[in-house]
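# Structural features, examined
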Amino acid sequence: MKRGSVVGNIAKDLGLERSKLASRKARIDTEGNLKRHCDINLNNGDLIVAARIDREGLCGKKVSCVIKHELVLENPLELHRISLHVEDINDNSPDFNGDSINIEIRESVDKGARFLMEEAHDADVGQNSVQGYNLQNNDYFILAVNGNSIELVLDKELDREKQQEINLLLIATDGGFPQRSGTLAIHVNVLDANDNSPLFSQAVYKASLPENTPLGTIVVTVSATDADDGINGDVTYDFGHVSEDVKKIFSIDRKTGEIKVNGTIDFETVASFELRIKAKDGLGLASYTLVIVDITDVNDNSPVINLKSLTNSIPEDMPPGSDIGIIHVQDADSENNRQVHCFIQQNVPFKLIPSIKNYYSLVTTGELDREVVSDYNITITAIDEGSPPLSSFKHIQLSVADINDNPPVFEEQSYSAYVTENKKPGSTLCSVTARDPDWRQNGTVMYSLLPGEVNGAPVSSYLSINGDTGVIHAVRSFDYEQFRSFQVHVMARDNGVPPLSSNVTVSVFITDVNDNSPQILYPAAEGNSFMTEMVPKAAHGASLVSKVIAVDADSGQNAWLSYHIVKSTDPGLFTIGLHSGEIRTQRDISESDSMKQNVIVAVKDNGQPSLSVTCTVYLLISDNLAEVPELKDISYDESNSKLTSYLIIALVSVSAFFLTFIIIILNVSFCRRRKPRLLFDGAVAMPSAYLPPNYAEVDGMGTLRSTYNYDAYLTTGSRTSDFKFARSYNENTLPADQTLVKSPAEFAEIFGESDGSPEVRLEVTNRFNQCV
């Protein structure tokens, strides 16, 4: 049949769905390296001829010629055996061993003598093989056929003197249609009498050889004898009708009849040989015998492992017991030598399960995890039962395909970032890192800030994060005095489908820098007014005369305050506590000391670099205001601005005019009623000390250690002022419950000489009582 010819529809015969042939990878397989003569059409299921089929080449003289193939389907695995019976056609003619032969016959041979002829061979079988022989008409010989025995029978006595040579034509015909024939030319030389043919000692010789027998090994020795003498009794040996392939494997010694191995013997190629041997005497008489050589198998073929189907990339979520490949194992040897066991020796989550005949399914036995093992190098071992056993190995590399089954994991459970206040925007705070053991995009981590608020503002207005590196930057500068710490949440997300994520908390701590100068709380500067402390003349050494109170908005050592006297009227008279700010006398007050004492105090913090502020404390050494001739010379600095003086003088003048006008009106009113009337608009109690709401009183940090009370009363119409000095609850506090009496104009002169430097106004309430 020509290539592509349809043998039959295998899908119909087996009841298979034609539409699924391609998806199930239907294919025709053969054992070993045997040629595949058929194929399957995946579209319609037809079994077609894939290569020329030569029955004679495949089966030789066997009456039944069967080609065995296998139909393999996957998902699920199916195996169907296909047996193709190859029918013989008459495509070979009968063939003699040679085109002609020479026979020498003595003329003395009697009528009826028989001469054995070699039969013709036809590669076809059955009716297409040789069916009969015919001998061309002649005067001397007739043909006698008995089965495979062909003999020339002398029908008329020979006479060499009349005819020395006789030419005959033997015709062999087969029974095929159309009929084919073969001819053999026979040349008969008429000689003097040679009336005995060689005679073999055995009609059939049998020998057994193992395959791979070394060259030169003697297989068998044939022997024939001839009763004639001389040249008529000399016997020579040769092959009869044998193929050229046989002549390449065996050779025969023409003199001795030894048949030797001349080529490679392979049991898997030919299991037995039939050799036709001819013995011929010196005058051409011949006889024939048959030598049968059986080849025994030896275990010379290792098992062959074939991958029929294999999934190289396996998803890591594949359940145990899943098929990932089909393995076919075969051994060209026979019987026990071809019994094969196949297995996997390694400790891997895979095993081989026998399926059909020599097929094995490669299946998973456990769960796969690409993050633990990403590749497997599997060695499949096949070993036969021969002696000694032979084995072979097949290495398979399997890759575990990644799925997104691992979320990113941060290297730390939480992160802390420390940033100094006032740091420039864009500075780096810290870096977060998350690892994802998955592969490629499943393991690519992106970072982002989760939405939230810090002090009522979106977290994005404070921080930003690099999505690729996880580096966190400051969007703005921070102020330690506003808030000292906050928390944000960072999310790490991979690029898998679906994406997986995890969160971590980042705590941001703002560290303080010395960016705030100390602030003076007492004496407090308000406008151009100033406060004067009264120091009794009888004050002893170490008496408390005043206290400077200051705070610092910074924290830690940046808020540790120290007090120093940088300038004073009498340097040896007063001292100040380094950390308390209390101004005390160093010695007893003497009559020679100046009544007016100015003390300039510097308050420094402990930051790097240190920040400071100064204030001036004005002290009067006197027991009462009546002893003070004038106060207008007390000032913050001798270099006050003239403009400031002019403004103060103008203010005092306007105030005096206004007070005078009010006094006149009140005097007239009181005189009309003829009785005194208290012009008291109300007394206002002022707080004893002023502390800004953002500062707390901390012992040893520059704030007031003791409680001081400052009481004063003021009425708008009074001509006198009552001033009550501070009273301390400490033992060293100077008792000063005395009253200074001074007119408003005199106070105006005192207050009008301020130079704008930091001032402190003692909170007092003036009480004026006047009756008109």
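Below: a short report on this structure. (Residues numbered from 1 in each chain as written. Predicted model: local features only at pLDDT ≥ 70, side-chain atom pairs only at ≥ 80, totals over all residues. Heavy atoms only, no water.)

## Structural notes on the overall build of the protein chain
Put simply, the rule reads: The way it works is that DSSP assigns letters per residue, a run of H or I at least four long becomes a helix, a run of E at least two long becomes a strand, and they are numbered from the N terminus. Contacts are residue-level and defined by heavy atoms, with any inter-residue pair within 4.5 Å sufficient. Note on areas: Shrake-Rupley, 1.4 Å probe, and residue coverage restricted to the protein chains presented here.
Each helix and strand in the protein chain was counted, giving 5 helices and 54 strands. Long-range contacts, defined as pairs at least 24 residues apart, comprise 69% of the intrachain contacts of the protein chain with a sequence gap of at least 6. Counting only carbon and sulfur atoms, one obtains 49% of the accessible surface of the protein chain, whose full area is about 41,000 Å².

## A short note on the sheet that holds strand β40 (residues 485-494)
Cut-off, in case you're wondering: For two strands to be treated as a pair, DSSP must find at least two bridges joining them. Helix axes use the C-alpha atoms of the stretch in contact, all axes being lines fitted to C-alpha atoms, and the angles between their N-to-C directions lie in the range 0 to 180 degrees.
Read from one edge of the open sheet, 4 strands run β32-β41-β40-β35, paired in mixed fashion. Of all strands in the sheet, those bounded by a partner on one side alone are β32 (414-420) and β35 (445-449). Taken pair by pair, the neighbouring strands of this sheet meet at an average axis angle of 30°, ignoring direction.

## A closer look at the state of the cysteines
Filter applied, for reference: Counting rule for disulfides: a pair of cysteine sulfur atoms within 2.5 Å. Between buried and exposed lies partly exposed: a residue is buried under 20% and exposed over 50% of the maximum accessible area for its type, with that area taken using a 1.4 Å probe on protein chains only.
Tallying each qualifying case throughout the model produces 1 disulfide. What pairs with Cys-59 in a disulfide is Cys-65, and their sulfur atoms sit 1.8 Å apart. Residues Cys-59 and Cys-65 are joined through a disulfide that is right-handed, its torsion about the S-S bond being 65°. Classification of Cys-59 by relative accessible area gives buried; the value is 14%.

## A few points about the sheet that holds strand β1 (residues 6-9)
As summarised here, the arrangement of the 3 strands in space is β1-β4-β3, forming an open sheet in which the pairing is antiparallel. Two strands close off the open sheet at either side, each with one partner strand: β1 and β3 (38-40). Sheet twist, expressed as the average angle between the axes of neighbouring strands with direction ignored, equals 25°. Pairing of β1 with strand β4 (residues 46-49) involves 3 bridges; the strand directions are antiparallel. Residue pairing across strands places Asn-9 opposite Asp-46, the latter belonging to β4.

## Looking at the side chain of Asp-174
This is how the line gets drawn: Charge counting treats Lys and Arg as positive and Asp and Glu as negative, with His and both chain ends excluded. Think of a salt bridge as a Lys or Arg side-chain nitrogen and an Asp or Glu carboxyl oxygen that are within 4 Å of each other. Side-chain atoms alone can form a polar contact between residues adjacent in sequence; in general such a contact is a pair of N or O atoms within 3.5 Å, and within protein one must be able to donate a hydrogen while the other accepts it.
Topologically, Asp-174 is positioned in strand β12 (residues 165-174). The side chain of Asp-174 is buried and forms no salt bridge, while Arg-180, the nearest opposite charge, is found at 5.4 Å. Separated by 3.4 Å, the side chain of Asp-174 and the backbone nitrogen of Gly-176 make a polar contact. A distance of 2.8 Å separates the side chain of Asp-174 from the backbone nitrogen of Arg-180, its partner in a polar contact. When neighbours within four sequence positions are excluded, Asp-174 is seen to be in contact with Asn-90, Asn-92, Pro-94, Asp-122, Gln-127, Asn-128, Ser-129, Val-130, Gln-131, Gln-179 and Arg-180.

## As for the pattern of salt bridges
A full pass over the atoms with the stated rule returns 18 salt bridges. Among the salt bridges present, the one from Arg-254 reaches Asp-238, with a minimum N-O distance of 3.3 Å. Of this pair, Arg-254 sits in the loop between β19 (250-252) and β20 (258-261) while Asp-238 sits in strand β18 (residues 236-239), placing them 16 residues apart in sequence. Of the residues examined, Asp-238 reaches a relative accessible area of 31% and is grouped as partly exposed.

## Side note on the packing of aromatic side chains
In this description, an aromatic ring pair is defined by two values, namely the gap between the centres and the angle between the planes. Under the convention used in this document: Side-chain rings of Phe, Tyr and Trp (the six-membered ring for Trp) are treated as a pair once their centres are within 6.5 Å; stacked means planes under 30 degrees apart, edge-to-face means over 60, and tilted covers the remaining angles.
What the rule picks out here adds up to 13 aromatic pairs. For the ring pair Phe-200 and Tyr-237, a centre distance of 6.3 Å and an interplane angle of 50° mean the geometry is tilted. Of the two residues, Phe-200 is situated in strand β14 (residues 199-200) and Tyr-237 in strand β18; the sequence distance between them amounts to 37 residues. Seen in terms of ring centroids, Phe-478 and Phe-486 are 5.8 Å apart; in terms of plane orientation they differ by 35°. Their pairing is tilted.

## A short note on the pairing of strand β29 (residues 375-384)
Counted residue by residue, β29 has 7 buried out of 10 residues, so it is predominantly covered. The pairing of strand β26 (residues 340-344) with β29 spans 5 bridges and is antiparallel. Bridging from a neighbouring strand, Cys-342 pairs with Ala-382 of β29. Bridge analysis of β29 against strand β30 (residues 391-401) gives 9 bridges, and the strand direction is antiparallel. Among the inter-strand pairings, Tyr-376 is bridged to a residue of β30, identified as Leu-398.

## Notes on the pairing of β18
Along β18, the buried face is formed by Tyr-237 and Phe-239; none of Thr-236 and Asp-238, which line the opposite face, is buried. Bridging between β18 and strand β21 (residues 272-280) involves 4 bridges; their strand directions are antiparallel. If you follow Asp-238 over to β21, its bridge partner there is Lys-278.

## Thoughts on unusual backbone geometry
The residue after Ser-387, namely Pro-388, is reached through a cis peptide bond having omega -5°. Locating Pro-388 in the fold gives a position in the loop between β29 and β30. Each neighbour pair has its own omega, and for Tyr-522 with Pro-523 the value is 0°, a cis peptide bond. Mapped onto the elements of the fold, Pro-523 is located in the loop between β42 (519-522) and β43 (532-535). The phi dihedral of Lys-357 falls on the positive side, at around 50°, and the residue is not glycine. Secondary-structure assignment places Lys-357 in the loop between β27 (350-354) and β28 (359-364). With relative accessibility at 40%, the residue Lys-357 sits in the partly exposed group. Look at Arg-440: it is not a glycine, yet its phi comes out positive at around 50°.

## Focus: the nonpolar core
This is how the line gets drawn: Here, the term nonpolar core denotes a set of buried Ala, Val, Leu, Ile, Met, Phe, Trp, Tyr and Cys residues that are joined through side-chain atoms within 4.5 Å.
Core analysis: the biggest nonpolar cluster contains 30 residues, and Leu-463 and Val-506 have the highest contact counts within it. Not counting residues within four places of it along the chain, the set of residues in contact with Leu-463 comprises Leu-429, Leu-449, Ile-472, His-473, Ala-474, Val-475, Phe-478, Phe-486, Val-488 and Val-508. Grouped together as the second largest cluster of nonpolar side chains are 27 residues, Val-220, Ile-259, Phe-273 and Ala-279 included.

## Some thoughts on the side chain of Ser-507
When you line up the elements, Ser-507 lands in strand β41 (residues 501-511). On the accessibility criterion, Ser-507 (12% relative accessible area) is buried. When sequence neighbours within four positions are dropped, the list of residues in contact with Ser-507 reads Tyr-415, Ser-416, Ala-417, Phe-486 and Gln-487.

Distances and angles like these do not, on their own, reveal function.
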